[in-house]
Amino acid sequence: MKTRLTELLGIEQPIVLASMAWITDAVLAATVSRAGGLGTIGPNPGMKTVTTDVEETGERLRQQIRTCRELTDRPFAVNFVVGVGGFDRKFSDQCVEVGIEERVPVAIVSQGSPAVYTRRLKEAGMKVIHVCSSVKHVKKAEAEGVDAVVASGTEGGGHSGFDQITTLCLVPQAVDAIGIPVIAGGGIGDGRGLMAALSLGAEGVYMGTRFIATKECPAHPRIKEIILEASDTSTIAVRHGNPSHSKETGAGNQGFVEERRGSIRLVLNDYLRNILADRSVGFDDIFATAETPDPNTGSNRTVASFVFGQVDGTSITSGQIAGLIRDIPSCEELIRRMVSEASQVLGRLKDLS
Ligand SMILES: Cc1cc2nc3c(=O)[nH]c(=O)nc-3n(C[C@H](O)[C@H](O)[C@H](O)COP(=O)(O)O)c2cc1C
């Protein structure tokens, strides 16, 4: 399938592997790229331990980029999550420098302003895609000079922005607002979703949850089971504070501004039910403890669940589309099947006229 996105990136199918911390490693990214899509290496790719060392974080990424290059000569992307605050920014600055040194073809930048890295990445010759969750943000990304945006709806797994706009509503409004290609993210799981996104004016799809349940995804089998067992109501979006964004609204770092809270979509398991019942525990605690390194194990709760399968008593992120997922194909099978389903949909729609 050809769109402006496939032309821009030099790929065969308008299907992008969305970044998923810890599990979108070099092998998964290269597999998706070899199958004709665009593979993405996410944060802490393929790691089993947490490091708080900035240099080591960069070197781990460098190894993954080199491994991906050994496995494919096709284009691939690296996700740079814009660091919030002084400490975190050092990590993303380091990863961006490593990405530039390693001549990564495509940068996917998320969770921060496009003003931070776009110029530096473009000057280094990369194609830049920015992940956005509102019309205001896609306009800002275009004005900063990015090549394409992901319009990311609240159905998606992981962080889904402040405004909780659905993909169905966000994508056509983003398409109308800007001239560069829009990629639909959140809630895409098969060829029907792909065709729906293209019908809304998107020129590609950005899929995370669907790729967890693939043979090549290194997520623990228990996580894949949770995805396969999920129904339409298995996840909820919960709000959490983010001090860097409260600054934008003038609230400073002291407190969070309720209406500017970001949200994260999580599986509604017993752990989350207990937290929902206990009003003394905030959602900030869920998020902070999931990523905080445990000095005894050198791990954290996200690693424990996604990498080692310790899924009880912790939060697990997944998109709403998990309810549609019933098998674990290879990435190649999945992409081939989606393209074939999309052409069946096209045939069906033609029959309507
Ligand atoms: C397990 C998991 C981890 C994620 N980690 C990241 C991340 O590290 N960086 C990021 O920008 N988005 C992250 N996301 C969000 C995805 O990149 C993407 O926006 C989302 O999965 C798309 O929606 P879908 O899950 O319905 O396909 C994550 C999503 C999931 C499910």
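Source: prediction; values computed, not measured. (Residues numbered from 1 in each chain as written. Predicted model: local features only at pLDDT ≥ 70, side-chain atom pairs only at ≥ 80, totals over all residues. Heavy atoms only, no water.)

S.K.: Before we go on, may I ask you to explain the state of the cysteines in this structure?
M.R.: By definition, a disulfide links the sulfur atoms of two cysteine residues through a covalent bond. The full count for this structure, using the stated rule, is zero disulfides. Here Cys217 stays unpaired: no disulfide links it, and the sulfur of Cys331, its closest cysteine neighbor, is 7.9 Å away. Overall, the relative accessible area of 3% leaves Cys217 in the buried class. (Disulfide = S-S within 2.5 Å. Buried < 20%, exposed > 50% of the residue type's maximum accessible area, 1.4 Å probe, protein only.)

S.K.: Whenever I open this one, the site of the ligand confuses me. Can you help?
M.R.: Around the ligand, 20 residues are found, and the nearest of them are Ser19, Ser110, Gly187, Gly208 and Thr209. Gly208 has a polar backbone atom sitting 2.7 Å from an oxygen atom of the ligand. Coverage of the ligand by the protein amounts to 94% of the 610 Å² it exposes when considered alone. Where the shell around the ligand is concerned, the elements lending two or more residues are strand S3 (76–81) and strand S9 (204–207). Of the residues belonging to the shell around the ligand, the class tally is eight nonpolar, twelve polar and no charged. (Near = heavy atom within 4 Å. Polar contact = N/O pair within 3.5 Å; in protein donor to acceptor, adjacent residues only side chain to side chain. Areas by Shrake-Rupley, 256 points an atom, 1.4 Å probe, with all protein chains shown as cover. Helix = DSSP H or I, 4+ residues; strand = E, 2+ residues; numbered from the N terminus. Nonpolar A, V, L, I, M, F, W, Y, C, P; charged D, E, K, R; others polar.)

S.K.: What is the right way to read the nonpolar core from this model?
M.R.: Side chains of a nonpolar character, in soluble globular proteins, are inclined to be buried together. The biggest cluster of nonpolar side chains holds 71 residues, and the ones touching the most others in it are Leu121, Val149 and Phe211. Taken domain by domain, the makeup of this core includes at least three residues from each of domain 1 (7–217) and domain 2 (222–321). Excluding anything up to four places from it in sequence, Phe211 contacts Ile15, Val16, Leu17, Met20, Val32, Cys217, Cys331, Leu334 and Ile335. The next biggest cluster of nonpolar side chains, apart from the first, holds 15 residues, and it includes Val16, Leu38, Val106 and Ala148. (Core = buried A, V, L, I, M, F, W, Y, C linked by side-chain atoms within 4.5 Å. Domains from an automatic or database assignment. Contact = heavy atoms within 4.5 Å.)

S.K.: Any chance you could explain the sheet that holds strand S1 (residues 15–17) here in plain terms?
M.R.: By definition, the strands of a sheet pair up through backbone hydrogen bonds, in either a parallel or an antiparallel sense. Read across the sheet, eight strands follow the order S1-S9-S8-S6-S5-S4-S3-S2 without closing on themselves; strand pairing throughout is parallel. This sheet does not close on itself; its edge strands, each paired only once, are S1 and strand S2 (39–41). When strand polarity is set aside, the average angle formed by the axes of neighbouring strands in this sheet is 30°. Lying on the sheet, helix H7 (residues 167–177) is in contact with strand S5 (127–132), strand S6 (148–152) and strand S8 (182–185); it crosses S8 at an angle near 175°. (Pairing = 2+ DSSP bridges. Axes fitted to C-alpha atoms, helices over the stretch in contact; angles between N-to-C directions.)

S.K.: Would you mind going over the pairing of S8 with me for this structure?
M.R.: Walk down a regular strand and you will see the side chains alternate between the two sheet faces. The side-chain alternation of S8 yields two buried faces, one formed by Val182 and Ala184 and the other by Ile183 and Gly185. Alignment of S6 against S8, held across four bridges, turns out to be parallel. Paired with Ser152 across the strands is Gly185, a residue of S8. Here S8 runs beside S9; their pairing, made up of three bridges, is parallel.

S.K.: Sorry if this is basic, but what is going on with the confidence of the model for the chain here?
M.R.: Interpretation of the predicted coordinates at a detailed level should be avoided for regions scoring low in pLDDT. For the chain, mean pLDDT is 89; residues scoring 70 or higher make up 87% of the total. Contacts of residues 242–260 to residues separated by more than four positions or lying in other chains number 24 contacts, the stretch itself having pLDDT below 50. (pLDDT = per-residue confidence, 0-100.)

S.K.: What exactly am I supposed to notice about the packing of helix H8 (residues 191–199) against helix H15 (residues 331–352) here?
M.R.: If you want to describe how two helices pack, look at the angle between their axes and the distance between the axes. Packing of H8 against H15 brings their axes to within 7 Å, and their N-to-C directions diverge by 60°. When the axes of H8 and H15 are compared, the pair comes out oblique. Classified by chirality, the crossing of H15 by H8 is right-handed. Along its contact with H8, which presents Gly191, Arg192, Leu194 and Met195, the element H15 presents Met338, Glu341, Ala342, Val345 and Leu346. When the residues that make up the contact of H8 with H15 are grouped by side-chain class, the tally is six nonpolar, one polar and two charged. (Parallel < 35°, antiparallel > 145°, perpendicular 65-115°, else oblique. Left-handed = near helix turned anticlockwise from the far one by under 90°.)

S.K.: Help me understand the side chain of Thr72, please; the structure alone is not making it clear to me.
M.R.: Position of Thr72 among the secondary structure elements: in the loop between helix H3 (54–71) and S3. On the basis of relative accessible area, Thr72 is assigned to the buried category, the value being 6%. Setting aside its immediate chain neighbours within four residues, Thr72 contacts Ala30, Ser33 and Arg34.

S.K.: Honestly, the side chain of Asp190 in this entry has me stumped. Any pointers?
M.R.: Within the fold, Asp190 resides in the loop between S8 and H8. Here Arg192 takes part through its side chain, which lies 2.8 Å from a polar atom of the side chain of Asp190. At 3.0 Å, the side chain of Asp190 forms a polar contact with the backbone nitrogen of Gly193. Not counting residues up to four positions away in its chain, the partners in contact with Asp190 are Leu324, Met338 and Glu341.

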